[in-house]
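Take a look at the letters that make up each chain.
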Amino acid sequence: MSEALAQLLSLAEADAGLRTLAGRLADLDREEARLRSRLASEEEAFRRRQEGHRALRLSALAKSGEVDSTDEKIRAYQHKLDHDIIPYKEMEYLREQVAFLRGQLDTLADEALQLMAEADADEGKLREEAIAHEGRRRELEEELGALARRRAAILAEQDALRVRRDEIFQRVPPHLRGHYERLLGSGGSPVVPVVGGMCGGCHLRLVETTVEKVKSEREVVTCEHCSRFLYLPPS
């Protein structure tokens, strides 16, 4: 194999390695997006759970406040009945209100106690759920940390391979560099094997003289169909 073809083949291998690393980085990007989506969903779900508990606690407190307010009204009306001189109609009205509010008070007190009991029980559940939530969040963050370390390793490998690729590229004869870069930009490998008399890139049959030139390994040969550089793989 000629020196120029050997350099082209090494360059193609380096570019293939860079494409592989780019693909691995893209996979990591998708995995990171998935993990961050899961983490955001986890945080949002627990936030809604906390809001639900706060709403229950506020409802219990509001009901307790309603009990206190009703009791204050009863005390105020009863004080007026016991100590003030008021018209008969107002007295009857206040007595009716006291009776009505006392009937309400027991119901309100029962409801307040029930809501407080529910809020206390829910608070215990929330503490357990917070521990589980923290565990899930920590696991996701650890996965993200491991992913970041993998990305850093790939980026380091990518940087080293780019340096090596540049060194190889400089050793390729100048008149072949431009053609190689144009082939690289069109997709696929610019350097392909001859297999069974066919180009390993476009898979079309090569003329016999082209195959013979490749076999002689005295010059750099290109496919007459796709212009890729050709080489003969080890038998």
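On a predicted model such as this, the values are computed, not experimentally measured, just so you know. (Residues numbered from 1 in each chain as written. Predicted model: local features only at pLDDT ≥ 70, side-chain atom pairs only at ≥ 80, totals over all residues. Heavy atoms only, no water.)

A look at the packing of aromatic side chains
Put simply, the rule is: The aromatic pairing rule takes the rings of Phe, Tyr and Trp, using the six-membered ring of Trp, and pairs them if the centres are within 6.5 Å, calling planes under 30 degrees apart stacked, those over 60 edge-to-face and the rest tilted. Charge-over-ring contacts are defined here by two conditions on Lys NZ or Arg CZ: a distance within 6 Å of the ring centre and an angle within 35 degrees of the ring normal.
For the coordinates displayed, the defined rule picks out 0 aromatic pairs. Looking at R177, its charged tip hangs above the ring of F169, at a distance of 5.5 Å from the centre.

So, the side chain of H53
Stated precisely, the cut-off is as follows: Think of it this way: any DSSP run of H or I at least four residues long counts as a helix, any run of E at least two long counts as a strand, and we number them from the N terminus. For each residue, the accessible area found with a 1.4 Å probe, counting protein chains only, is set against the maximum for its type, and the residue is called buried under 20%, exposed over 50%, and partly exposed in between. By the convention used here, residues are in contact when the closest approach between their heavy atoms is within 4.5 Å.
With respect to the helices, strands and loops of the structure, H53 is situated in helix α1 (residues 3-83). The buried category is assigned to H53, whose relative accessible area is 9%. With residues near it in sequence (within four places) discarded, H53 still touches A119, D122, E123 and L126.

Observations concerning the pattern of salt bridges
To keep it simple, the criterion reads: Each reported salt bridge corresponds to a side-chain nitrogen of Lys or Arg within 4 Å of a carboxyl oxygen of Asp or Glu.
Across all of its chains, the model carries 27 salt bridges by this definition. The salt bridge involving R137 is made with E141; its shortest N-O contact spans 2.7 Å. Of this pair, R137 and E141 both sit in helix α2 (residues 88-171), 4 residues apart, which is roughly one turn of that helix. According to the relative accessible area criterion, E141 is partly exposed, its value standing at 38%. A salt bridge links R162 to D159; its shortest N-O distance comes to 3.9 Å. Here D159 and R162 lie together in helix α2, a separation of 3 residues that amounts to about one turn. A relative accessible area of 42% places R162 in the partly exposed class. Judged by its relative accessible area of 44%, D159 falls in the partly exposed class. Salt bridges here are not isolated pairs; linked through shared partners, they connect E43, E134, R137, R138 and E141.

So, empty space enclosed by the protein
Applicable threshold: Here a cavity means grid points, on a 1 Å grid over the protein atoms only, where a 1.4 Å probe fits yet cannot get out; a pocket means an open set of points with protein on both sides within 12 Å along at least five of seven lines; lining residues are those with an atom within 4 Å of a point. Grid points are joined across faces, edges and corners, and a volume is the space filled by probe spheres set on the points.
What the rule picks out here adds up to 1 cavity of 30 Å³ or more. Taken as a whole, the largest cavity encloses approximately 30 Å³ of empty space. In this structure, the largest cavity is lined by L5, K213, V214, E217, E219, V221, L230, Y231 and L232. Those elements giving two or more residues to the lining of the largest cavity turn out to be α4 (208-216) and β4 (229-231).

So, the pairing of strand β1 (residues 191-195)
Here is the rule: At least two DSSP bridges between two strands are required for those strands to pair.
In the sheet, β1 pairs with β4 via 3 bridges, with the strands oriented parallel. In the sheet register, P193 faces β4, and the bridge partner there is Y231. Relative to strand β2 (residues 198-199), β1 runs antiparallel, the two sharing 2 bridges. Its bridge partner lying in β2, V194 is registered against C199. Between the end of β1 and the start of β2, which pair antiparallel, lie 2 residues, with G196 showing a positive phi angle near 60 degrees.

Considering the environment of L183
Here L183 is to be found in helix α3 (residues 174-185). Residues L183 and M116, spaced 67 residues apart in sequence, show a C-alpha to C-alpha distance of 75 Å. Beyond its immediate stretch of four places on either side in the chain, L183 contacts G188, P190, C226, S227, R228 and F229.

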